[in-house]
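# A closer look at the structure
Read off the chains here:
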Amino acid sequence: MDILVSVADLKVSNQTEHVLVTHALGSCIGVAIYDPQARVGGLLHFMLPDSSLDPGRALENPCMFADTGIPRLFRECYNLGAKKYRLQVKVAGGSQVLGGQEHFQIGRRNYAAMRKIFLKNNVLIDNEDVGGCKARTLFLELASGRTWVKTTSQEIIQL
Amino acid sequence: MSLIPQILRSLKNLPPFPMVAQRALLLVNKAEVSIQELVDVVKFDPAITANILRIANSAYFGLRREIHSLNQALLLLGTQELLKIIIASGATRLFGNAAPGYFAEQQGLWRHSVSCALMADLLARELTLAEGNLCFTAGILHDIGKVVLSLFVDQKFAQIMEVVEVQGEPFHKAEKIVLGVDHAEIGGEMARIWDFPDRLRQVIKHHHLNHPESLGDEMVLLIYLADLLVLMFGQNLGREGLAYAAYPEVLNRFNLKERDLEKFLLHFGSLWDDAQVFFGLLGNDHGLQCAHRG
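Following the sequence through the fold, Arg57 of chain A ends up in helix α1 (residues 55–60). According to the relative accessible area criterion, Arg57 of chain A is buried, its value standing at 15%. Ignoring any residue separated from it by four or fewer positions in sequence, one finds Arg57 of chain A in contact with Met64 of chain A together with Leu266 and Ser270 of chain B.

Quick look at unusual backbone geometry now. All names here are of chain A. Of note in this structure, Ala8 is not a glycine but carries a positive phi near 55°. For Arg39, which is not glycine, the phi dihedral falls at a positive 50°. Assignment of secondary structure puts Arg39 in the loop between β4 (29–35) and β5 (40–46). Using a relative accessible area of 41% as the deciding quantity, one classes Arg39 as partly exposed.

Residue and element names in this part refer to chain B. Here the structure, examined in full by the defined rule, presents 17 aromatic pairs over all chains. Note on Phe157 and Phe171: the rings are 6.1 Å apart at their centroids and 40° apart in plane angle, and the pair reads as tilted. Linking Phe157 in helix α10 (residues 157–167) with Phe171 in helix α11 (residues 171–179), this pair joins segments that are 14 residues apart in sequence. Here Phe157 and Phe171 have matching classes, each one buried. A cation over a ring is seen here: Arg111 above Phe279, with NZ or CZ 4.5 Å from the ring centre.

This part is about the sheet that holds strand β7 (residues 127–130) of chain A. Two orientations exist for strands paired in a sheet by backbone hydrogen bonds: parallel and antiparallel. All names here are of chain A. Spatial strand order, β2-β5-β4-β6-β7: 5 strands in an open sheet with mixed pairing. Looking at which strands have only one partner, the edges of the open sheet turn out to be β2 (9–13) and β7. Each adjacent strand pair in this sheet contributes to an overall mean axis angle of 10°, direction not counted. Judged from the 7 bridges that link them, β4 and β5 form a sheet pairing that is antiparallel. Considered in β5, the bridge of Gly30 is made with His45. Contacts from helix α3 (residues 106–120) reach β4, β5, β6 (88–93) and β7, with the element oriented near 30° to β4.

The next thing to look at is the sheet that holds strand β10 (residues 156–158) of chain A. Residue and element names in this part refer to chain A. Strand order in the open sheet formed by 5 strands is β1-β3-β8-β9-β10, and the pairing between neighbours is mixed. Two strands bound the open sheet, and with one partner strand each, they are β1 (2–4) and β10. Geometrically, the sheet is characterised by an average inter-axis angle of 25° between neighbouring strands, direction not taken into account.

The rules behind the values
- Throughout, residues of each chain are indexed from 1 in the direction in which the sequence is written.
- Chains carry letters and ligands carry numbers; both start at the beginning, A for chains and 1 for ligands, and go up in the order they are written.
- A pLDDT threshold of at least 70 governs which residues receive local features in this predicted model, and a stricter bar of 80 or more applies before side-chain atom pairs are shown or counted, although totals over entire chains, interfaces and linings include all residues.
- Derived side-chain values reflect all non-hydrogen atoms in the structure, with water molecules and hydrogen atoms excluded from consideration.
- By the criteria applied, helices consist of DSSP H or I runs no shorter than four residues and strands consist of E runs no shorter than two, each listed in order from the N terminus.
- Here the term buried applies to any residue with accessible area under 20% of the maximum for its type, exposed to any over 50%, and partly exposed to those in between, with areas from a 1.4 Å probe on protein chains only.
- In what follows, a contact means two residues having at least one pair of non-hydrogen atoms within 4.5 Å.
- Think of it this way: a Phe, Tyr or Trp ring, Trp meaning its six-membered ring, pairs with another when their centres are within 6.5 Å, and the plane angle makes it stacked under 30 degrees, edge-to-face over 60, tilted otherwise.
- By the criterion adopted, a ring carries a charge over it if an Arg CZ or a Lys NZ lies within 6 Å of its centre and within 35 degrees of its normal.
- In short, DSSP must find at least two bridges between two strands for them to pair.
- With axes taken as lines fitted to C-alpha atoms, and helix axes fitted only over the stretch in contact, angles between N-to-C directions fall between 0 and 180 degrees.

Put into structure tokens, the structure is as follows:
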């Protein structure tokens, strides 16, 4: 059963029949984490790099931003029994429009903010499909931990 | 081989632009519009009153009391807001068919057009544009060229994408290279056939800034920016993804920083949830189902 993760949203699960899905990532980023032993996984779809843009909104919905959404994703998975050292981390999204080297860089800034948070917390990314100008849908299958991306041109990429 | 003759031939079979939207277009930006003029517009499409009430009562407008009549809607929302609703409802007929060249989903083009209209409306308010009232309408109609070009793009999609990927050209330029014409030009041609106001036709034709003059036209720049921001937001993205060009000139013109763009996206994110009723206008059952697809 597909469990939909919408924009600025996260879902966690330990139900093996669940597939977590987030549709059509543009410059947003999807973060999928999975503990194969506990069979616990979570998927976050964050939109912007930094909650200092609007701290009020971040309180209301932490999933909007990388710096508030990512810690919450991990915490909620720990609550279901996941252990940090076992987590597999896969990310997708962060697309850019063409030719924006200095401008229209929200995708790249999202990615940089996420990397910074991971680095600070000793989290490694196992696999990623980021950047470029593709639109991606990200899936995480709870039964197996299999994570894959489908682009709008119907290409499938296993992560 | 250019497909221009075939494409132009398909314009000959263009259906008429929906009468109710056509009449409403003429009232946008008019200083004073009487209730009688609005009644005269709406009478061309009896189903539209139901849509007007549904949207007026939706979370998007956040009114405290329920609206039961056109008169009440006019009093509480004002003429220009009401015209936006009428044009959006009237335009649905253009978007009834899938546009497989651009969107894998049946309602993709409609949903993109609505998103762009909502974003354009937001930007027009934030940037206090003189022609602000026309921006929502221009957003809804900016991609009408895709309705006609879709089948041709679908046939040549691999070839067009190859130009994008190998030569790094934006998608609309690749359309021009492969098909001989792009969706903005065809849209401009449709606007001419349908006798749209000149400003609207210019915006549709130039919304990818493919003409040097368009860099000086604030409404064209605003629709271009709205389109780009909607692509970044994601969701109803087309098969071409974000393959459109970034022109930093637009930021200078409106004196915007990157951080402002983030604020627009943030603002749009909350408004988008409340605006699902607009997406649902295209076929109720399917629309509601799609509204939850995020």
